[in-house]
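Descriptive structure summary
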Amino acid sequence: MTEANGAELSAILNATIDGIVSIDRTGTMLSVNPAVTRILGYSVDEMLGHNISMLMPEPFRSQHDGFIKHYLATGQSNIIGRGREVSAQHKDGRAIPIWLSIGAYDVDGEPRFAGVLSDMSKFKQQHMALSDSELVNRLTVDNALIG
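Note that the coordinates shown come from a computational prediction; the quantities given were computed from them, not determined experimentally.

1. Quick look at the pairing of strand β3 (residues 83–89)
Relative to strand β4 (residues 95–107), β3 runs antiparallel, the two sharing seven bridges. In the strand pairing of β4, glycine 83 is matched with serine 101. In textbook terms, the turn of a hairpin is the stretch between consecutive antiparallel strands, and for β3 and β4 this stretch comprises five residues, one of which, glycine 93, has a positive phi near 100°.

Here it is in structure tokens:
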């Protein structure tokens, strides 16, 4: 990769609205982009060098390192190579609904993992508002038909 390509990749990662985190085989965070700090409230310094499990609510926090060990031993995973909705732990203790996609890769023979997390909070709020609006419309129509 050329220096120009590296600079462009860095700029893309910094501009991306979704959070991107990389970890090593022990779950230690190696890199995070600015979107992670916006979504979860932690500073980069609070995350780098710490276990990714700090960003998870229980019971996943306690189980996460076992998931990695299982994957490294067997190659079996329920999430790597797929995406799914999970909760992340905001610095203030709130659970944040996110869509998480994880990929595995290696650097010089060492396994690494990259996670992309998309904040689903606004989507969830819009979905609830739409559901509430649908309910009101149904009740209005039902009442009009009955009355």
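2. Things to note about the sheet that holds strand β2 (residues 29–32)
Taken in spatial order, the five strands of this open sheet run β2-β1-β5-β4-β3, and their pairing is antiparallel. A strand with exactly one partner marks an edge of an open sheet, and here the two such strands are β2 and β3. Each adjacent strand pair in this sheet contributes to an overall mean axis angle of 35°, direction not counted. Of the strand pairs in this sheet, β4 and strand β5 (residues 110–119) are connected by 10 bridges, and their pairing is antiparallel. The partner of aspartate 106 across the bridge, within β5, is proline 111. Packing against the sheet, helix α4 (residues 60–74) makes contact with β1 (19–24), β3, β4 and β5, and its axis sits at approximately 135° to β5.

3. What to know about unusual backbone geometry
With an omega dihedral of 5°, the bond running from glutamate 58 to proline 59 counts as a cis peptide bond. The residue aspartate 108 is not glycine, and still its phi comes out positive at about 55°. With respect to the helices and strands, the residue aspartate 108 is situated in the loop between β4 and β5. The class for aspartate 108 is exposed, based on a relative accessible area of 78%.

4. Quick look at the side chain of histidine 90
Within the secondary structure, histidine 90 is located in the loop between β3 and β4. On the accessibility criterion, histidine 90 (11% relative accessible area) is buried. A distance of 3.0 Å separates a polar side-chain atom of histidine 90 from the backbone nitrogen of aspartate 92. Beyond its immediate chain neighbours, meaning those up to four positions away, histidine 90 contacts Ile39, Leu40, Gly41, Tyr42 and Ile96.

5. Concerning the layout of surface pockets
Unoccupied space between atoms shows up once a probe the size of one water molecule is rolled over them. Within this model, the largest pocket holds a volume of roughly 680 Å³. As for the largest pocket, its lining consists of 28 residues, and the residues nearest its centre are Met56, His64, Ile79, Leu100 and Ile102. Listed by contribution, the elements that provide at least two residues to the lining of the largest pocket are β1, α4, β3, β4 and β5. No other element matches the six residues that α4 contributes to the lining of the largest pocket. For the lining of the largest pocket, the residue count by class is 20 nonpolar, seven polar and one charged.

Conventions and cut-offs
Residues numbered from 1 in each chain as written. Predicted model: local features only at pLDDT ≥ 70, side-chain atom pairs only at ≥ 80, totals over all residues. Heavy atoms only, no water. Pairing = 2+ DSSP bridges. Helix = DSSP H or I, 4+ residues; strand = E, 2+ residues; numbered from the N terminus. Axes fitted to C-alpha atoms, helices over the stretch in contact; angles between N-to-C directions. Contact = heavy atoms within 4.5 Å. Buried < 20%, exposed > 50% of the residue type's maximum accessible area, 1.4 Å probe, protein only. Polar contact = N/O pair within 3.5 Å; in protein donor to acceptor, adjacent residues only side chain to side chain. 1 Å grid on protein atoms, 1.4 Å probe; cavity = no way out; pocket = protein on both sides within 12 Å on 5 of 7 lines; lining within 4 Å. Points joined across faces, edges and corners; volume = space filled by probe spheres on them. Nonpolar A, V, L, I, M, F, W, Y, C, P; charged D, E, K, R; others polar.

Keep in mind that these numbers describe shape and distance, not what the molecule does.
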